[in-house]
Amino acid sequence: IAIENGLVGEKVITTINLDYETLYFDEANQHVIETIKEVDAYIEYSNQSSYSQGAPIGGEARQYRRIDFTIRVAKEQVNVLLKALEGMEAVKIGEQIGSEDVTQTYRDTETRINVLNQKEKRLNELMEEAETIEQILQIEDNLSQTIAEREILQSQLDGIDNLIDYTTVHLHLVERQRVSNGRNETLPFWGRAKEAVLDSLYSFYYWVQDAAIWIIYALPFIVIIVVVA
C-alpha cells in the first residue's frame, strides 16, 4: 500500500482509518502491538470493549471484543506499518486515507510570529530608553502580552509540525464469530448470494446451539410439567 501525497502544498497532514475483523482476537491484537514497536511508532490512545451478538434463546449472549487504537507513526514509516499489518490474522474490511493541506495556515502563523518578534525587540529597545516608572510599567505590560501571544502561536506551530511529521492511524479491530474474505471487495450477485447463504447457515448453527442450551436449562421444568400432567 503506497501512501502518496496528492496535494501540492508543502505542509500536509495525513490521517488513515483502518477497520479489521478477526476470529483470533488475541493473536491479531498482539500482532498490532508488536508491529507498532517494530516501526518505532507509539499508541496515543487505545480502548478495549465488548459487545453481544445475536439474541440467545437461553443463557447469556455471546460476548465479543473490539479494540480501537490511535497510532502515531513517522511519515517515513507509514508504508512499513501498513505492509506489516497485512500479515496478521484478520480481514481488512475498510480503509480511508485523508489529507489536509495546512501550508497557508502554517505560513500565516510564521508571519505573525515574526511580527511579534520584531515587536518584542522594539519594546526592549524602548525599555532601555524609558525614563519614568509609568513608562516602564506600560512597556512591561505590552512586552508580557507580546511574549504570551508569541508563545501561543509557537505552540500551535509546533503542534502542526507534529501532525505533519507523524501520521495518525485510527485502527479498529473487531472480534467476530465469522469473517468474510470478500467483504472488502465489490462482489457480483452470485458472490453476494453465497455470502448470504453462509451467513444464514452460521446463524442457524448458533441458533441450534442456543436452543439446545435452553432445553438443558428447561429440562427439569419440562419433567415436572410432564409428571403433573
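Scope of this entry: the structure provided in the associated data block. Position numbers for residues count from 1 along each chain, tracking the sequence in the order it is written. Local features in a predicted model are, by the rule used here, given only for residues with pLDDT of at least 70; side-chain atom pairs are given and counted only at 80 or more, and totals for whole chains, interfaces and linings are based on all residues. Working from all heavy atoms in the structure, the side-chain values ignore hydrogens and water.

## Things to note about the overall build of the protein
Secondary structure follows DSSP: runs of H or I at least 4 residues long count as helices, runs of E at least 2 residues long count as strands, and numbering of each begins at the N terminus. Each helix and strand counted, the protein has five helices and five strands in total. Put simply, the protein runs from its N terminus to its C terminus through helices and strands in the order β-α-β-β-α-β-α-α-β-α. For every residue, the accessible area obtained with a 1.4 Å probe (protein chains only) is divided by the maximum for its type, and the residue is called buried under 20%, exposed over 50%, and partly exposed between those limits. When each of the 229 residues of the protein is scored for burial, the buried share is 31%. Contact criterion: two residues are considered in contact whenever any of their non-hydrogen atoms come within 4.5 Å of each other. Long-range pairs, those at least 24 residues apart, make up 82% of the contacts in the protein with a sequence separation of at least 6. The Shrake-Rupley method, run with a 1.4 Å probe sphere, supplies the accessible areas, and residue values consider only the shown protein chains as cover. By element, 53% of the accessible surface of the protein is carried by carbon and sulfur atoms, the whole surface being about 14900 Å².

## Considering a nonpolar patch on the surface
A surface patch of nonpolar side chains, about 460 Å² in accessible area, is lined by Leu 219, Ile 222, Val 223, Val 226 and Val 227. Structurally, the position occupied by Ile 222 is in helix H5 (residues 189-228). The residues that make up patches have over 30% relative accessible area and no salt bridge, and they are joined within 9 Å when like-charged or within 5 Å when they are Val, Leu, Ile, Met, Phe, Trp or Tyr. A side-chain nitrogen of Lys or Arg and a carboxyl oxygen of Asp or Glu constitute a salt bridge if their distance falls within 4 Å.

## A few points about the packing of aromatic side chains
By convention, a stacked pair of Phe, Tyr or Trp rings (six-membered ring in the case of Trp) has centres within 6.5 Å and planes under 30 degrees apart, an edge-to-face pair has planes over 60 apart, and any other such pair is tilted. A full pass over the atoms with the stated rule returns two aromatic pairs. Measuring from centroid to centroid gives 6.2 Å for Tyr 42 and Tyr 166, while their planes differ by 55°, and the two rings are tilted. One end of the pair, Tyr 42, is in strand S2 (residues 42-53); the other, Tyr 166, is in strand S5 (residues 166-175), with 124 residues separating them in the sequence. On the accessibility criterion, Tyr 166 (29% relative accessible area) is partly exposed. Sitting over the ring of Tyr 106, Lys 11 keeps its end group 4.6 Å from the ring centre. We count a charge as sitting over a ring when the NZ of a lysine or the CZ of an arginine lies within 6 Å of the ring centre and within 35 degrees of the ring normal.

## Brief notes about the nonpolar core
If you look at the biggest cluster of nonpolar residues, it comprises 21 residues, and the most contacted ones within it are Leu 18 and Leu 171. Looking at this core, the elements that each hand over two or more residues are strand S1 (12-22), helix H1 (25-38), strand S3 (62-74), helix H2 (78-85) and S5. Nonpolar cores are built from buried Ala, Val, Leu, Ile, Met, Phe, Trp, Tyr and Cys residues. Side-chain atoms within 4.5 Å join them into one set. Within the second largest apolar cluster, nine residues are counted, among which are Val 102, Leu 153, Leu 157 and Ile 164.

## Overview of H1
Between its first and last C-alpha atoms H1 spans 20 Å; for 14 residues at 1.5 Å apiece the expected length is 20 Å, and the two agree. Phe 25, Ala 28, Asn 29, Val 32, Thr 35 and Ile 36 are the residues of H1 that are buried. Seen along its axis, H1 keeps its buried residues to an arc of 125°; they face one direction. The outward face of H1, more than 90 degrees from its buried face, is lined by the exposed residues Lys 37 and Glu 38. One less than the residue count of a helix, multiplied by 1.5 Å, gives the span that helix is expected to have. By arc we mean the arc of the directions from the helix axis to the C-beta atoms, nothing more.

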